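# Observations on chain architecture
Residues per chain, in single letters:
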Amino acid sequence: MGQSHSQSQTHISVLPNEVMFIILQYLPPQEMKSAVLVCKALREMGEKPRFWTWAVATVNTKDDLLKLKLPRLQMVQEIDVTHPSRLVWMKREGLADLFQVIGEIPTVRRIRGLEFCKGIEGIEPDLVVSVLNSLEELKLCYGFAEEDGEEDEEEDDEEDEEEDEEKEQEMEQEMQMKLSTEQLELLFTAVAEKTNLKFLQVSGQDMLKDMDETDETDKVDEMDM
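Here's a quick rundown of the structure. (Residues numbered from 1 in each chain as written. Predicted model: local features only at pLDDT ≥ 70, side-chain atom pairs only at ≥ 80, totals over all residues. Heavy atoms only, no water.)

### As for the overall build of the protein chain
For clarity, the cut-off: Secondary structure elements follow DSSP: runs of H or I no shorter than four residues count as helices, runs of E no shorter than two count as strands, and numbering proceeds from the N terminus. Any two residues having at least one pair of non-hydrogen atoms within 4.5 Å are treated as being in contact. In short, Shrake-Rupley with a 1.4 Å probe defines the accessible areas, and a residue's cover is counted only from the protein chains shown.
Each helix and strand in the protein chain was counted, giving nine helices and seven strands. The long-range share in the protein chain, meaning contacts at least 24 apart out of those at least 6 apart in sequence, stands at 69%. Of the roughly 14,400 Å² of accessible surface on the protein chain, a fraction of 45% belongs to carbon and sulfur atoms.

Pasting the structure below:
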């Protein structure tokens, strides 16, 4: 009776690295951001790219391209270039720089707002094909987007209505993804062989009338031409 039990605490630094990796693997995004601030050891472990595949890398300025070179972002899957400031620095060499950096991250599958960025015609065709063919969704559109989905209006719930509003705001801008004939030919040749594309929308391209949709894009799950 009256026996006391003392509780010992184990400092996180004495845990085996294997255990720490397992713990970090199950942390939600916000907790992961906090964990790498705890100590140097956690920061070094937390820089592993596999812990940051959920991150969306936002690129608003040319300086933001440096973020894409961080070790933790070398397996990132989504990049966002939808900020209006992209119109300032991506008009000429900016888009080429973006493609160059993305070309070094083979895991990128989505680039938000890419269809509104100017200058893709001036980028090395092989680099363009390498980046675009690795995406899961691609809008090769030049000109103003057409509104669609009216037939689904009756089935839209509140969430769908919010998504429609966002789409309408995007549609107010002119799409700028006009590829050169060489770029298009190389892209569709690559798509015919192997691609990550699940959705492909094409409009406003000069060689569109000469394309046979069934011959070169049958590996894409959904097409809109």
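### Notes on the side chain of Gln-176
Just so we agree on the cut-off: Each residue's exposure class comes from its accessible area (1.4 Å probe, protein chains only) as a fraction of the maximum for that residue type: buried when under 20%, exposed when over 50%, partly exposed otherwise.
With respect to the element layout, Gln-176 can be found in strand 5 (residues 174-176). Exposure remark for Gln-176: the relative accessible area of 15% places this residue in the buried category. Discounting chain neighbours no more than four positions away, the residues touching Gln-176 are Glu-115, Phe-116, Cys-117, Lys-118, Ile-120, Cys-141 and Tyr-142.

### Things to note about the packing of aromatic side chains
Note on aromatic pairs: each is described by the distance of the centres and the angle between the planes. What counts here: The criterion for an aromatic pair is that two Phe, Tyr or Trp rings (for Trp, the six-membered ring) have centres within 6.5 Å, with stacked assigned to planes under 30 degrees apart, edge-to-face to planes over 60 apart and tilted to the rest. In this scheme, the term charge over a ring applies when either NZ of a lysine or CZ of an arginine sits within 6 Å of the ring centre and within 35 degrees of the ring normal.
Tallied over the full model, the rule gives two aromatic pairs. Each ring, one from Phe-21 and one from Phe-51, has its centre 6.1 Å from the other, and the planes form 20 degrees; the classification is stacked. Highlighted residues: Phe-21 in helix 1 (residues 17-25) and Phe-51 in the loop between helix 3 (40-46) and strand 1 (56-58), separated in sequence by 30 residues. Here the basic side chain of Arg-50 rests over the ring of Phe-21, its NZ or CZ set 5.0 Å away from the ring centre. The side chain of Lys-178 reaches across the aromatic face of Tyr-142, ending 5.1 Å from its centre.

### Description of the sheet that holds strand 1
Rule in force here: Strands qualify as paired when DSSP identifies two bridges or more between them. Axes here refer to lines fitted to C-alpha atoms; in helices the fit is confined to the stretch in contact. Angles between the N-to-C directions go from 0 to 180 degrees.
The sheet built from three strands is open, its strands ordered 1-2-3 with parallel pairing. The sheet is open, and its two edges are formed by strand 1 and strand 3 (110-112), each paired on a single side. Averaged over all pairs of adjacent strands, the angle between strand axes in this sheet comes to 20 degrees, irrespective of strand direction. Bridge count for strand 2 (residues 78-80) against strand 3 is three bridges, and the pairing is parallel. When the bridges of strand 3 are listed, Asp-80 appears paired with Arg-112.

### A few points about the environment of Gln-205
The condition is simple: By the criterion applied in these results, polar contacts are pairs of N or O atoms within 3.5 Å in which, for protein atoms, one can donate a hydrogen and the other can accept it, and in which residues neighboring in sequence qualify only through two side-chain atoms.
Of note, Gln-205 is situated in the loop between strand 6 (199-203) and helix 9 (213-216). Exposure remark for Gln-205: the relative accessible area of 5% places this residue in the buried category. Separated by 63 residues in the primary sequence, Gln-205 and Tyr-142 place their C-alpha atoms 6.8 Å from one another. Sequence-distant contacts of Gln-205, defined by excluding residues within four places in its chain, comprise Leu-140, Cys-141, Tyr-142, Met-177, Lys-178, Leu-179 and Leu-184. A polar contact is formed between the side chain of Gln-205 and the backbone oxygen of Leu-140, at a distance of 3.1 Å. A polar contact of 2.5 Å, which involves the side chain of Gln-205, links it to the backbone oxygen of Met-177.

### Focus on the side chain of Asp-80
Within the secondary structure layout, Asp-80 lies in strand 2. For Asp-80, a relative accessible area of 11% translates into the label buried. At 2.6 Å, the side chain of Asp-80 and the side chain of Thr-82 are in polar contact. With near-sequence residues (within four places) excluded, Asp-80 lies in contact with Val-56, Ala-57, Thr-58, Val-59 and Arg-112.

### Structural notes on the nonpolar core
One recurring pattern in soluble globular proteins is that nonpolar side chains are buried together. Heads up, the condition is: Here the nonpolar core consists of buried residues drawn from Ala, Val, Leu, Ile, Met, Phe, Trp, Tyr and Cys, with membership extended through side-chain atoms lying within 4.5 Å.
Counting residues in each nonpolar core, the largest one holds 40 residues, and the members touching the most others are Leu-68, Phe-99, Ile-120, Leu-132, Leu-138, Leu-140 and Leu-179. Sorting the residues of this core by element identifies helix 5 (93-102), helix 6 (125-132), strand 4 (137-144), helix 8 (181-193) and strand 6 as the ones contributing at least two each. Not counting the four nearest positions on each side in its chain, Leu-138 is found in contact with Leu-132, Met-177, Leu-187, Leu-197, Phe-199, Leu-200 and Gln-201. Ranked by size, the runner-up nonpolar core spans nine residues in total, among them Leu-24, Met-32, Leu-42 and Phe-51.

### Topic: the pattern of salt bridges
Close approach of charged atoms allows side chains of opposite charge to pair. We count it as follows: Salt bridges, as used here, are contacts in which a Lys or Arg side-chain nitrogen is within 4 Å of a carboxyl oxygen on Asp or Glu.
The final tally for this structure, using the stated rule, is seven salt bridges. A salt bridge links Glu-104 to Lys-69; its shortest N-O distance comes to 3.7 Å. Of this pair, Glu-104 sits in the loop between helix 5 and strand 3 while Lys-69 sits in the loop between strand 1 and strand 2, and the two are 35 residues apart along the sequence. With relative accessibility at 48%, the residue Lys-69 sits in the partly exposed group. In this structure, the salt-bridge partner of Glu-78 is Arg-110, at a minimum N-O distance of 3.3 Å. With Glu-78 in strand 2 and Arg-110 in strand 3, this residue pair connects regions lying 32 residues apart in the sequence. Given a relative accessible area of 13%, Glu-78 falls into the buried group. Assessed through its relative accessible area of 30%, Arg-110 is described here as partly exposed.

Note that every value here comes from positions in space, so none of it alone points to a role or purpose.
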